[in-house]
Every structure is written in C-alpha cells, then in structure tokens.
Amino acid sequence: MTRFIYDLKRTHRAGSLRDTDIGKEVILMGWVQNRRDHGGAIFIDLRDREGVTQIVFDQSIDAKAHEVASQLRSEWCFAVRGKVRSRGGNVNPKLATGAIEVAANLIEIFTRAKTPPFPLDDHADQTAEETRLQYRYLDLRRTPLQRNLQMRSKFNQIVRRALDEEGFLELETPFLIKSTPEGARDYVVPSRVNPGQFFALPQSPQLFKQLFMVAGYDRYFQIARCFRDEDLRAERQPEFTQVDIEMSFCEPSDVQNVVEKLLARAWKELLGVELKLPFERISYQDAMDRFGVDAPDMRYGLELRDVSDLVRESGFKVFADVTRAGGIVKAINITGLGDLSRSELDALTDVVKIYGAKGLAWAKVKEDGEWQSPIAKFFSDAERKAIAERLALKPGDIAAFVADKKTVVNAALGNLRKHLAKTKNLIDKATHRFCWVTDFPLFEYNEEDKRWYAAHHPFTSPRPEDREKLLTDQGNVKALAYDIVLNGVEIGGGSIRIFDHGLQSDLFRALGIEEEEQRQKFGFLLDAFQYGPPPHGGLALGVDRIMMLICGTDSIRDVIAFPKTQKQTDLMLNAPSELAEAQLKELMIKTVVPAKK
RNA sequence: GGGGCGGUAGUUAAGUUGGUUAUAACGCCGGCCUGUCACGCCGGAGGCCGCGGGUUCAAGUCCCGUCCGCCCCGCCA
C-alpha cells in the first residue's frame, strides 16, 4: 500500500459534497460506477454507499493521475485526492452532487474487478433474480438495495431508542431450544454430545419472553431471528426477524399504544409521514364479513355483502342448495371499473377457483336497470331488487357472486377483491392504512382431527366475558388477541397471556391436551407459572414485512441482505449441502434419501 | 404435494408455418476524442438456444421427461 489508507485518510463520502465545499482538497474512496473517457480528460463516477461524485482526471492538471485513471474499469476500487471545483455551466441536475466535481491530482487503484455479470447501475433492476442472488454481494452494491438495508439499519435503531425510552430491556434468548410439536415445522440441530437428540431453532422467543415476565423484568424486547420450516412466499422466508415485545401489568390497549408510538416514530423519521393515532380498530368478524380476509386492505372499497337470505328461496338451484346446506352466498359490486368483457369475467372465475370456489356468477346492470346475466331468469323481480339494493347496484355495475362454504366464499371473494384492486389500479400507493384486527376466535375447529386447536397459541387469554363458554361453547370464545395490519399485510400480532392456573387448565382441557402431555410439552412454563406470574401480554412485529412496505418493494427478499430462494436454497453459498461422512458419523446421524422414481 | 409463468451472447430481449451462417440493444475488447454525465465516433470478439430423450431429410421452434427461478394453493400454533 502506498500513501492512501495510512497517510491519506478519507475526508468525505461521495454524495456529501456540495458547492459550499468548492476549493477544498478532499479524499474519496469507492468504486467506479461509470467512466467517460474523452482522451485528454477522463470522467469517473465514484460511488460509495452515500452516493456518487464525478471525478475528473485532466491531463493538464496531473498527467500521472490521468494515465493511471485511463486503466480504470467498472467496479474497480480506488482512492483519489483532488480539489472540489464548480462544474460551471455543466451542472448535472440528476445528481445531488451535480454542481461540483473533484479534479484529481492523485489516484491509487486498490483492486481491479472482473467485468460484473450484470450491470450495477440504477437502471438494472431487470436482471434475473437468480443471477443477482448468485452474486448477492454485487447486487447489494446497487443503490436500491443500499437504500433498503440502510433504512433497515435505521429502523432497528429507532426501535431500540423508542423502546429503551419506554423502559423496555433488550434481552437475548437462546437459539438452541426444545422442539414443540404444535405450530410450524421446526428446524432442528443435532446434539453431538447427546447422540440421537436434537435441538430446535426457535419459531419465536414466545415462551422465553413470558418467563422474563415471571422473572420480573417487566418490559422486554428483542430484535429476534425466528425460524420456520414452511414453504416460502413473496413475504415469507424460512428465517425472519421480529421485534418481539412483552410487558407486565397490561391490557391490549397498553401494548397497542406502545406499538403505535413506535411505528409512528419510524414512519416519521424514515418516510417523513405523520401517522394519525390511534390506529383504527376492526373486529375479526367485521373483517371477514366485509373483506373476506383477516388482514383487510381498506385502501379501496369493493366490500363483500352477504345475500344468503335473499337467494335462499330463489329459483337458482346452486344458491338455494348451498344456503340450505349451511353455506353462504356473498357478492361484490364491481363498480366503477367499466364494462368487463366475457373473457375478463372468465379470468375472474379462474381467480376464485384458486380458492376452491366452483364458479363465479355475475350480473351486469344495464341502463334500464335490467340484468344482463346467465342467472337473471332464475330470480323474481323482487329478489333482483333486494339484491340490487343490498349491493347498491347502479346501471353499469357488475355483481359477482360466489356460493359455497363460508371459508371458501370469503377466501374466493376476498382475494378476488384484492385481484381487482391490483389489476384495475384502485390502490393509492401513497396511503398507509394501519388497523388493529381484534377479537380473534380463541379456537379453530379442525374437521379432519375433529378437535379444537388454539388459533394463536395455547397461552392466549380468552376475553373475560367468554370465560364460562370455554368448555361448552368453544366456537364463540373470543381471544384477547390482536393483529396489526398495514395495507392488507399482517405486520404483527400478539395477545394477553393466561396467568391464572385454573384458566390455563381449562384451556388445555378444551383443547383436549392431557395433563401428561401438558407437562411433557410445556412443563417448565407451567412450573414457572406456579411462582407468582404477573398479568402480562405482548406482540411481535415482522421486521422484514415492515421494511418491505417502508421501502415500497413487492418482495421481502429486497430488504434481506442474503435471502433464500423459494426452494430454501442460498444460490451464493450453494446451501444446503451434504455433510461429509465423518461429520455425520460424529453426530451419529444416518440419512435416508428416497430414490427418485 | 398441486396450479401458473419463465429459462436464447456477460445482461435484457426478438426469433414467423420446423428450412441457408440464430438477430438487436446495452455491456466487453482495440483505436480516436478535453466537458461528458445511460458521452460520442470507427472497428472487433462473444452462443451447450437450461439439461436429457423423441418425432423429422431438417428442431431455438413440435412432443415427452427433467432441473432451475418467480407467483400462487396447500402449509405457516
């Protein structure tokens, strides 16, 4: 190494220099974003994480520097010393540093670079993600990802400052824990010193944070990595990050207030957006009735309406049969989108079929109020009028109906609603519509196993007023559980926990979990709860999803430095991979991979 | 486990009814150029058409299988 690094320290980051710096001698270090060689003068755009500065190597200023600079190519790493000067009439309005340039008088090339496998300029988002993931370290150099990860860093700092100020302690919990059978599939880690035994990686620090409350830490948080071995989606990775929060002596609104303040602060500092507090609340029941999903996007209309009572006696056999068999019929008024062609309506049918619906019935309302519809003839004038009234149908509107089991109808129309909003551009991207979804059911019935399961987890407290229904009317017990939803994406959820021993016993009884099984799965927690647990509750926020929304991207992978593909592989590491025989032997593990047919 | 979309120079794409030597832009290499900023001009190199099989006189193109990436269903207390 020569004079740079040791003698000549970096004085600025690229991106920070302005016309007020004219005349200063500066030292910058970074990468070649672009070069424009004009013979006697070479322009190099030097990029670092803060931005880009134009460096000019002028033969007449320093012939040696000019000669060295003529070798520079894309993504070479180098340092320059030079004087900041005005660009005069050649200002580049597209650059923050566009008013100035650095006239170089000394350069050192640190490292040369192979030609990158894909362009790293800002116009290069089009490169296949497969290639970008393979060379993730290069993709991460690009401005959009630099920006996303820097935002993520700032978000984490805001979380720490905000929760510290509220008296929360940042405490860590172990990664190597015990596998529990319920919930998501566990990632497991073999224990070498305990042959044949395995640890599990935490799906969340849930039980530990409750133990912190038992131990009197009162207010806890952690920016925690969580692991779930389930199939991936655009907003789901096998390892993800939560802001995990738990507090003692609280009711739901105490938890919600903390979270609202935290998010409001993040939105203000990161986006300059002032959020209106408190966030609106909607019950789970209302969300399902009006939007068909438990994480409603309320930025647009197209709400669902139940018309079961209006079609039960109709001549349309499909609707009449479904309602008589305990199913429901719901409809959306597809209003304001103009006429839809037959092929467009067929495409909408394909959408609802994904969610198990057998079909989509539709009716167009003509100018004279008559229905143009294959099913119009099955309804009486009065029935059509009643439906039109409930859906507020006007001439030009289209009603779309689905009849089936309640879960199918809600999923089909709820997702049809999303589909229409997206494809017909009904969404105002600048809107940040937060809401709390409350009063979730405590139990979910599983048809196959013919038993009730905990909808959230088995330590979630029922609403006090539902206490006596616990063993008799499980379907109508509501939980002190709440999700937080932003623009139709669930970004967090939590609950008030059970701290009363008798209540916990009844809950296990309602779930059909015997005492022995309770002891085996949760013995340590039940033991702990015999030593004076405080009333407590909490919540976890999905950091990756929140960052996805803050950064305005469609994929969680854009806010995770080193994400995995849909098949849970890392294309850069080539992970996972097989272990050497000796390694398996040491762990006393034998693998049995079924032969391919 | 299932449905859908995609895979052609380094990158992004085009490729007709199966028909001669597989196109283009950007990038790359060489040369020229002192005011460019997605610089310009001249010249050049660059292909396992994802992989395997089949049909055919002939396959990037048709058929079957398979791998990889993405979106979705199931799954995700």
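How each quantity is defined
- Residues numbered from 1 in each chain as written.
- Chains lettered and ligands numbered in written order.
- Predicted model: local features only at pLDDT ≥ 70, side-chain atom pairs only at ≥ 80, totals over all residues.
- Heavy atoms only, no water.
- Helix = DSSP H or I, 4+ residues; strand = E, 2+ residues; numbered from the N terminus.
- Buried < 20%, exposed > 50% of the residue type's maximum accessible area, 1.4 Å probe, protein only.
- Contact = heavy atoms within 4.5 Å.
- Areas by Shrake-Rupley, 256 points an atom, 1.4 Å probe, with all protein chains shown as cover.
- Lys, Arg positive; Asp, Glu negative; His and termini not counted.
- Charge placed at Lys NZ, Arg CZ, Asp CG, Glu CD.
- Near = heavy atom within 4 Å.
- Polar contact = N/O pair within 3.5 Å; in protein donor to acceptor, adjacent residues only side chain to side chain.
- Nonpolar A, V, L, I, M, F, W, Y, C, P; charged D, E, K, R; others polar.
- Domains from an automatic or database assignment.
- Axes fitted to C-alpha atoms, helices over the stretch in contact; angles between N-to-C directions.
- Parallel < 35°, antiparallel > 145°, perpendicular 65-115°, else oblique.
- Left-handed = near helix turned anticlockwise from the far one by under 90°.
- Salt bridge = Lys/Arg side-chain N within 4 Å of Asp/Glu carboxyl O.
- Phe/Tyr/Trp six-rings, centres within 6.5 Å; stacked < 30°, edge-to-face > 60°.

**Q** Got a sec to walk through the overall build of chain A? Specific residues and values, please.
**A** Scanning chain A for helices and strands turns up 16 helices and 22 strands. Taken along its principal axes, the extent of the C-alpha atoms in chain A is 90 × 75 × 60 Å. By residue count, 49% of the 597 residues in chain A fall in the buried class. Sequence-distant contacts, at least 24 apart, represent 68% of the contacts inside chain A between residues at least 6 apart. Surface exposure of chain A reaches about 30,400 Å², of which carbon and sulfur atoms provide 50%. Of note, chain A has its 85 positive side-chain charges centred 4 Å away from the centre of its 88 negative side-chain charges.

**Q** Break down the protein's contact with RNA strand B for me, citing the residues and quoting the values.
**A** Every one of the 54 residues lining RNA strand B counts as a neighbour, but Asn34, Arg87, Asn90, Glu130 and His456 are closest to it. Per the 4 Å cut-off to the protein, sugar and phosphate atoms form 55% of the nearby atoms of RNA strand B. Measuring from a base nitrogen of RNA strand B, one finds a side-chain N or O atom of Arg233 at 2.8 Å. When residues of the surface near RNA strand B are traced back to their parent elements, those giving at least two are β1 (25-37), β2 (41-48), β3 (51-58) and α2 (129-134). Taken together, the residues of the surface near RNA strand B break down into 13 nonpolar, 22 polar and 19 charged.

**Q** Could you give an account of the domain arrangement of chain A, with specific residues and numbers?
**A** Under the domain assignment, chain A is made up of domain 1 (19-111), domain 2 (139-279 + 480-499 + 534-597) and domain 3 (300-427). Measuring from the centre of the C-alpha atoms in domain 1 to the corresponding centre in domain 3 gives 63 Å.

**Q** Could you give me a rundown of the packing of helix α5 (residues 206-214) against helix α14 (residues 515-528), with the residues and numbers involved?
**A** Running from amino to carboxyl end, α5 crosses α14 at an angle of 15°, the nearest separation of the two axes being 10 Å. With respect to α14, the element α5 is oriented roughly parallel. As for the relative orientation of α5 and α14, their crossing is left-handed in sense. When α5 is examined against α14, the residues Leu207, Gln210, Leu211 and Val214 are found in contact with a partner set consisting of Phe522, Phe524, Leu525 and Ala528. Of the residues belonging to the contact of α5 with α14, the class tally is seven nonpolar, one polar and no charged.

**Q** Please set out the pattern of salt bridges residue by residue, giving values where relevant.
**A** Under the definition given, this model contains 46 salt bridges. Between Lys317 and Asp321 there is a salt bridge, with the nearest N and O atoms lying 2.9 Å from each other. Residue Lys317 and its partner Asp321 are both found in helix α9 (residues 317-324); the two are separated by four residues, about one turn of the helix. For Arg467, the salt bridge is made with Asp506, and the minimal N-O distance between the two is 3.0 Å. Taken together, the positions of Arg467 in the loop between β19 (451-454) and β20 (481-486) and Asp506 in helix α13 (residues 501-511) put the pair 39 residues apart, joining distant regions of the chain. Residue Asp506 is classed as buried on the basis of its relative accessible area of 13%. In the salt-bridge network here, residues are joined through shared partners; they are Asp439, Arg463, Glu465, Asp466 and Lys469.

**Q** Could you give an account of the packing of aromatic side chains, with specific residues and numbers?
**A** Scanning the model with the defined rule gives 20 aromatic pairs in all. Ring centres of Tyr284 and Phe440 lie 5.2 Å apart, and the angle between their planes is 40°; on these two criteria the pair is classed as tilted. Placement of Tyr284 in helix α7 (residues 284-291) and of Phe440 in the loop between β17 (434-438) and β18 (443-446) is noted, with a sequence separation of 156 residues between them. Since its relative accessible area comes to 12%, Phe440 is described here as buried. With a centroid separation of 6.2 Å and 65° between ring planes, the pair formed by Trp371 and Phe379 is classed as edge-to-face. By relative accessible area, Trp371 is classed as buried at 9%. Joined through ring pairs, the aromatic side chains of Phe316, Phe319, Trp371, Phe378, Phe379 and Phe401 make up one cluster.

**Q** So what about the environment of Leu169? Which residues, and what values?
**A** One can find Leu169 in strand β6 (residues 169-170). Its relative accessible area of 37% is what places Leu169 among the partly exposed residues. Placed 369 residues apart in sequence, Leu169 and Gly538 show a C-alpha to C-alpha distance of 14 Å. Every residue in contact with Leu169, bar those within four places of it in the chain, is listed here: Tyr217, Arg219, Tyr220 and Phe221.

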